[in-house]
2 protein chains.
Amino acid sequence: MNKLDRSLIVGLPAFEGLTAETLDVVLASARSQRIEKDTAVFEQDAEANSFFILLDGRVRVVKLTPDGQQVIVRYIVPGELLGIAQAIGRSTYPASAIAVTDCVVLAWPGKLWAEFATAHPGFGMNTYKTVGTRLQDVQTQVVEMATEQVERRVAHALLRLVQQSGRKTDEGLLIDFPISRQDIAEMTGTTLHTVSRLLSAWEEKGLVISGRQQVTVTQPHRLMLLAEGRVERD
Amino acid sequence: MNKLDRSLIVGLPAFEGLTAETLDVVLASARSQRIEKDTAVFEQDAEANSFFILLDGRVRVVKLTPDGQQVIVRYIVPGELLGIAQAIGRSTYPASAIAVTDCVVLAWPGKLWAEFATAHPGFGMNTYKTVGTRLQDVQTQVVEMATEQVERRVAHALLRLVQQSGRKTDEGLLIDFPISRQDIAEMTGTTLHTVSRLLSAWEEKGLVISGRQQVTVTQPHRLMLLAEGRVERD
DNA sequence: CCGCTTCATTGCGTTATCGCAAATACTGAA
DNA sequence: TTCAGTATTTGCGATAACGCAATGAAGCGG
């Protein structure tokens, strides 16, 4: 078994404020794991045997409805925790997590979570802060879904993706992982058709450039105006 | 200053597992407060100077959008925490809380939250569990809003209200606080008109009885079938 | 390099839901 | 008891968004 290096996790929000010794202790029980693109890190309703930190790649968190529809709850970027069912008092995962690209994660046995949290209060605090942040994010999303029409919701979603995973290119800010019209639809509660029409219209207006599983926002500012609803809805 | 009695909070989930002495310590810094119907317990974006437990009455938690629309995030029933901005790492309240009926709350200075949480880990855990539960609730709501059409969303909302605040009457389960069509609309992201039409249709079918600011679910089972979408949508 | 699969586009008809407006019903206070 | 203020109902027209279906483009595996 190859020893994991402390530098992997130093500086991550989840471990902020912990001593070097603590990091080593924590790392000692972690195992690193490669997750191939399009495979699951964990599955909804399965026993929450592990919790994870994403070190590299992108992960999509998805909820499946009884009738087979999907909703994308959020995207995870490197440095973020995922599968922390324990921290919210669950024994099963409330959603599935799918690797959007090839990924590397650190995994810990789920039962260690409580141990860590009590032995290293800072770690507990940090995860709770994550949970709190996500609560706010999701509540914002509810407000959007309740009050905004589709065009603005999709605009907001794109802006969030760009903020989280935007890579600067010649043309603008590229969302730097593969994302389909269907994916965007599942994030915003609409259909791939509507998303496609919107992107086409926006491309026409010069706000974005989009292709197969790829979106670049060329004029974030104008897109933001549109998202905020104070504009040009022709 | 009248001393608060331990019996007020014994048995509440937030204080579960704490010793009698601890309860007394905690109570020593609490002040009890009466909140008149239709007044605010706290206001969105205000400094989070206090956190609360609702002892009696009902509170509506509302988010206001920049353009003046409202969304009802949740209803609080006695025994529940509210205004726990500290626990999610915020210094301002992310929403407003309005008394739906005359209420009694216990209030603590916000800065005490962190003290309590460290001095009495059980208390911290309990609030975090609350935050976790709410995260799941809200995520469920996002999934509903993304995948279900209005009729099912409203049905789900009513069932939740009945479950949380249903009082058995001759006719069925009465939501035991005043709730308008507008309120239900703001919970489900629709309009009071649509809610009114739905309630009328359901009354026709014998599922509910509704009046001014009042709803009784007479056939919860059939309403649930409708909410789950396996039915009679004529 | 070819064929297959997946993804995206777009026209067109359908429909759920909205938004307005007018009428009606209920409640609490004077 | 009456009046004023709110809440509710309901008809009707408008429309945002869906859903289908057909076509076209892009990428992947052999």
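Note that the structure is a prediction, hence the values are computed from the model and not measured. (Residues numbered from 1 in each chain as written. Chains lettered and ligands numbered in written order. Predicted model: local features only at pLDDT ≥ 70, side-chain atom pairs only at ≥ 80, totals over all residues. Heavy atoms only, no water.)

Trainee: Tell me about the UniProt feature "domain: HTH crp-type" (unreviewed entry) in chain A, residues and numbers included.
Mentor: Under the feature "domain: HTH crp-type" (unreviewed entry), the UniProt entry names residues 148-221 of chain A. As annotated, residues 148-221 of chain A has a helix share of 54% and a strand share of 19%, and its two end C-alpha atoms lie 19 Å apart. (UniProt positions renumbered as here; feature names shortened; annotations may be inferred. Helix = DSSP H or I, 4+ residues; strand = E, 2+ residues; numbered from the N terminus.)

Trainee: So what about the protein's contact with DNA strand D? Which residues, and what values?
Mentor: In the vicinity of DNA strand D lie 18 residues, with Val150, Thr190, Thr194 and Arg197 of chain A together with Ser196 of chain B positioned nearest. Close to the protein, within 4 Å, the atoms of DNA strand D are drawn from sugar and phosphate at a rate of 66%. His193 of chain A is positioned such that a nitrogen or oxygen atom in its side chain is 3.4 Å from a base nitrogen of DNA strand D. Of the residues forming the surface near DNA strand D, the biggest block, four residues, is contributed by helix H6 (residues 192-205) of chain B. (Near = heavy atom within 4 Å. Polar contact = N/O pair within 3.5 Å; in protein donor to acceptor, adjacent residues only side chain to side chain.)

Trainee: Please give an account of the pattern of salt bridges that cites residues and values.
Mentor: Under the definition given, this model contains 16 salt bridges over all chains. The salt bridge partner of Arg152 of chain A is Glu148 of chain A, with a shortest N-O separation of 3.5 Å. The same class applies to Arg152 of chain A and to Glu148 of chain A, which are both buried. Measuring nitrogen to oxygen at the nearest pair gives 3.0 Å for the salt bridge that ties Asp176 of chain B to Arg58 of chain B. Highlighted residues: Asp176 of chain B in the loop between strand S10 (173-175) and helix H5 (181-188) and Arg58 of chain B in the loop between strand S3 (50-56) and strand S4 (59-64), separated in sequence by 118 residues. Judged by its relative accessible area of 29%, Asp176 of chain B falls in the partly exposed class. Shared partners join several salt bridges into a network, and the residues in it are Arg74, Glu80, Arg134 and Asp137 of chain A. (Salt bridge = Lys/Arg side-chain N within 4 Å of Asp/Glu carboxyl O. Buried < 20%, exposed > 50% of the residue type's maximum accessible area, 1.4 Å probe, protein only.)

Trainee: Go over the side chain of Lys63 of chain A with me, naming the residues and quoting the values.
Mentor: Relative to the assigned elements, Lys63 of chain A resides in strand S4 (residues 59-64). Sequence-distant contacts of Lys63 of chain A, defined by excluding residues within four places in its chain, comprise Gln44, Gln69, Gln70, Val71, Val73, Pro94 and Ala95 of chain A together with Gln139, Thr140 and Val143 of chain B. (Contact = heavy atoms within 4.5 Å.)

Trainee: Please set out the relation of the copies chain B and chain A residue by residue, giving values where relevant.
Mentor: The two copies are related by a screw motion: chain B maps onto chain A through a turn of 180° and a shift of 0.0 Å along the axis, at an RMSD of 0.0 Å. Both copies of the chain, as the preceding transformation shows, are related through a two-fold rotation axis. Taking C-alpha positions as the reference, the residue of chain B nearest the rotation axis is Leu135 of chain B, at 2.5 Å. Looking at the interface residues of chain B, 100% of them are also at the interface in chain A, so both copies use one shared face. (Least-squares fit on C-alpha atoms with pLDDT ≥ 70 in both.)

Trainee: Requested: an account of the packing of aromatic side chains, with residues and values cited.
Mentor: All names here are of chain B. Tallied over the full model, the rule gives 23 aromatic pairs over all chains. Centroid distance Phe116 to Phe123: 5.8 Å. Interplanar angle 85°. Geometry classified as edge-to-face. Residue Phe116 shares its accessibility class with Phe123, and that shared class is buried. (Phe/Tyr/Trp six-rings, centres within 6.5 Å; stacked < 30°, edge-to-face > 60°.)

Trainee: Describe the packing of helix H4 (residues 150-165) of chain B against H5 of chain B, with residues and values.
Mentor: All names here are of chain B. Running from N to C, H4 and H5 point in directions that differ by 110°, and their axes come no closer than 10 Å. In terms of orientation, H4 and H5 fall into the roughly perpendicular class. Taken together, the residues of H5 that come into contact with H4 (itself represented by Arg153, Val154, Ala157, Leu158 and Leu161) are Ile184, Met187 and Thr188. Residues belonging to the contact of H4 with H5 are distributed by class as follows: six nonpolar, one polar and one charged. (Axes fitted to C-alpha atoms, helices over the stretch in contact; angles between N-to-C directions. Parallel < 35°, antiparallel > 145°, perpendicular 65-115°, else oblique. Nonpolar A, V, L, I, M, F, W, Y, C, P; charged D, E, K, R; others polar.)

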